[in-house]
Amino acid sequence: MDESNSSPSAFIGNNTSVLEMEPHTSLSPIVPALMFAAGAIGNMTALIVLFKSKKENRRTIFYRLVGLLAIVDLFGTISTSPVTFLQYAHFPHWYGGDHLCNYFSFMLIFSGLSTMFVVAIMALDRYIALMHPYFYAGFVTKRKAVYILSSLFIFSIAISSLPLIGVGKNVLHYPGTWCFFDFRSEDSTGKAFTYIYSLTGILIIVLITASNVAVIATLIQMRDTSKTISCNKDEICRIDREMQMMIFLIAVVLIFIICWAPLMVVVLLCTTGTIKHSDELDLLVIRLASFNQILDPWAYILLKKRHIILCIRWAGKALRSARGKLALQTNSSNETPESRPLPKIGVSDISHSFEKSLSSSFRGECTKL
């Protein structure tokens, strides 16, 4: 093969634009394959767990939003991964030309914005429920939540479509296996779209962070108050349910910020010229953003109370087994008339005590996650 043809730009076809990039002659599909498997299995498992949860949980707005988040993440995974596999299999050729490049970029932008908006609505739902409970009980309904989410999805489609009508441009990025909008563009429309995208993401991150800090502070105050005054069982259960939901939401928000903030910051800094463009950095931040769709469902699955209890029980059994083997080995090596049985370490007691403490903190009599 001619050396000049080792760059992806030599194989684009049609009029698909490609950024200046270093040639890359070989790629391994292992990373995208593992990411696809983890994302698809995780989100489908989360949907099954949600479907099998208690009916009163499935009816709440928050848990429906959790299900919607899993659906959006699953959609984002299955709508883009097949294209990635195709490009890795035929690298360095880019099959599909402009149409496939525009599709891939559109899906990346749309699924990313949809995930952001769903997480933002989840955070606002908990904020209004805790800070303004009477307003929440009288005004917030499932129908209104559907209207708001539908409007946000339409807004996401509108933003994702802007590069298709000339506001910004979709281009092939390093190493020639994915398309995204050109955040290195020097023209005014390209920069305008970059600012719209990055500032929207950053504002959502700030909004989510601020609302969660307020809710966490309120919940801590409510729990402290419930310990000092006599609260009825329903009030204590309500506080514990809120704590369970907030633990999950905090995990989702932390994953969201860690995964998406670097992309938003890099896009914004590249546009303003604060940092130099780097192919490796671009690939790193887009892969990190893709991990959000993988980690979200596992956060829900692993943070369910009964799964935490099972992990504690498993750890306790493993420690007890190790202690027993150690005791047998010690007894066999020190078998004398004066020898005495080794004192019990108390791993079982520690495990059961930890499990009891955890169960008490979540109020076993209340509705579980």
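Residues numbered from 1 in each chain as written. Predicted model: local features only at pLDDT ≥ 70, side-chain atom pairs only at ≥ 80, totals over all residues. Heavy atoms only, no water.

As named in an unreviewed UniProt entry, the chain is Thromboxane A2 receptor, taken from Mytilus edulis. The Subcellular location (unreviewed entry) field of the UniProt record for the chain holds the comment "Cell membrane". Under the UniProt heading Sequence similarities (unreviewed entry), the entry covering the chain gives this text: "Belongs to the G-protein coupled receptor 1 family." (UniProt positions renumbered as here; feature names shortened; annotations may be inferred.)

Met 122, Phe 180, Tyr 197 and Trp 260 are the most contacted members of the largest nonpolar core, which has 72 residues in total. Elements supplying a minimum of two residues to this core: helix H1 (30–51), helix H3 (61–90), helix H4 (97–131), helix H6 (142–161), strand S2 (178–181), helix H7 (188–228), helix H8 (233–272) and helix H9 (279–302). For this core, the leading source of residues is H8, giving 17 residues. The contacts of Phe 180, once residues within four sequence positions are left out, are Ser 105, Leu 108, Ile 109, Lys 169, Asn 170, Val 171, His 173, Tyr 197 and Ile 286. (Core = buried A, V, L, I, M, F, W, Y, C linked by side-chain atoms within 4.5 Å. Buried < 20%, exposed > 50% of the residue type's maximum accessible area, 1.4 Å probe, protein only. Helix = DSSP H or I, 4+ residues; strand = E, 2+ residues; numbered from the N terminus. Contact = heavy atoms within 4.5 Å.)

With that out of the way, let us pick up the state of the cysteines. Under the definition given, this model contains one disulfide. A sulfur-sulfur separation of 2.0 Å characterises the disulfide bridge that pairs Cys 101 with Cys 179. Handedness here is read from the sign of the S-S torsion; for Cys 101 and Cys 179, about -110 degrees, the answer is left-handed. Remark: Cys 179 occurs in strand S2 and Cys 101 occurs in helix H4; sequence separation between them is 78 residues. Taking the relative accessible area as the measure of exposure, Cys 101 reaches 1% and is therefore buried. A relative accessible area of 0% means that Cys 179 is categorised as buried. (Disulfide = S-S within 2.5 Å.)

Where nonpolar side chains cluster on the molecular surface, the patch consists of Ile 41, Trp 298 and Leu 302 and spans about 290 Å² of accessible area. Along the chain, the position of Ile 41 falls in helix H1. (Patch = residues over 30% accessible without salt bridge, like charges linked within 9 Å, V, L, I, M, F, W, Y side chains within 5 Å. Areas by Shrake-Rupley, 256 points an atom, 1.4 Å probe, with all protein chains shown as cover. Salt bridge = Lys/Arg side-chain N within 4 Å of Asp/Glu carboxyl O.)

The next thing to look at is the side chain of Ser 185. Tracing the backbone shows Ser 185 in the loop between S2 and H7. At 2.6 Å, the side chain of Ser 185 forms a polar contact with the side chain of Asp 187. For Ser 185, the residues in contact, after removing those within four places along its chain, are Gly 190 and Lys 191. (Polar contact = N/O pair within 3.5 Å; in protein donor to acceptor, adjacent residues only side chain to side chain.)

Looking at where Thr 271 falls in the secondary structure, it is placed in helix H8. Through-space distance from the C-alpha of Thr 271 to that of Ser 198 is 9.8 Å; in sequence the pair is 73 residues apart. Engagement of the side chain of Thr 271 in a polar contact is seen with the backbone oxygen of Phe 183, the distance being 3.5 Å.

On to the pattern of salt bridges, then. Once their charged atoms are close, side chains differing in charge can pair, the charge on each being opposite to the other. Per the stated rule, a full pass over the model turns up four salt bridges. Here Asp 125 ties to Arg 126 by a salt bridge, and the two come within 2.7 Å at their closest N and O atoms. Looking at Asp 125, the relative accessible area reads 5%, which means it is buried. Of the charged contacts in the structure, one is a salt bridge between Arg 184 and Asp 279, with a shortest N-O distance of 2.9 Å. Placement of the pair is Arg 184 in the loop between S2 and H7 and Asp 279 in helix H9, with a sequence separation of 95 residues. Pair check on accessibility: Arg 184 and Asp 279 agree, each one buried.

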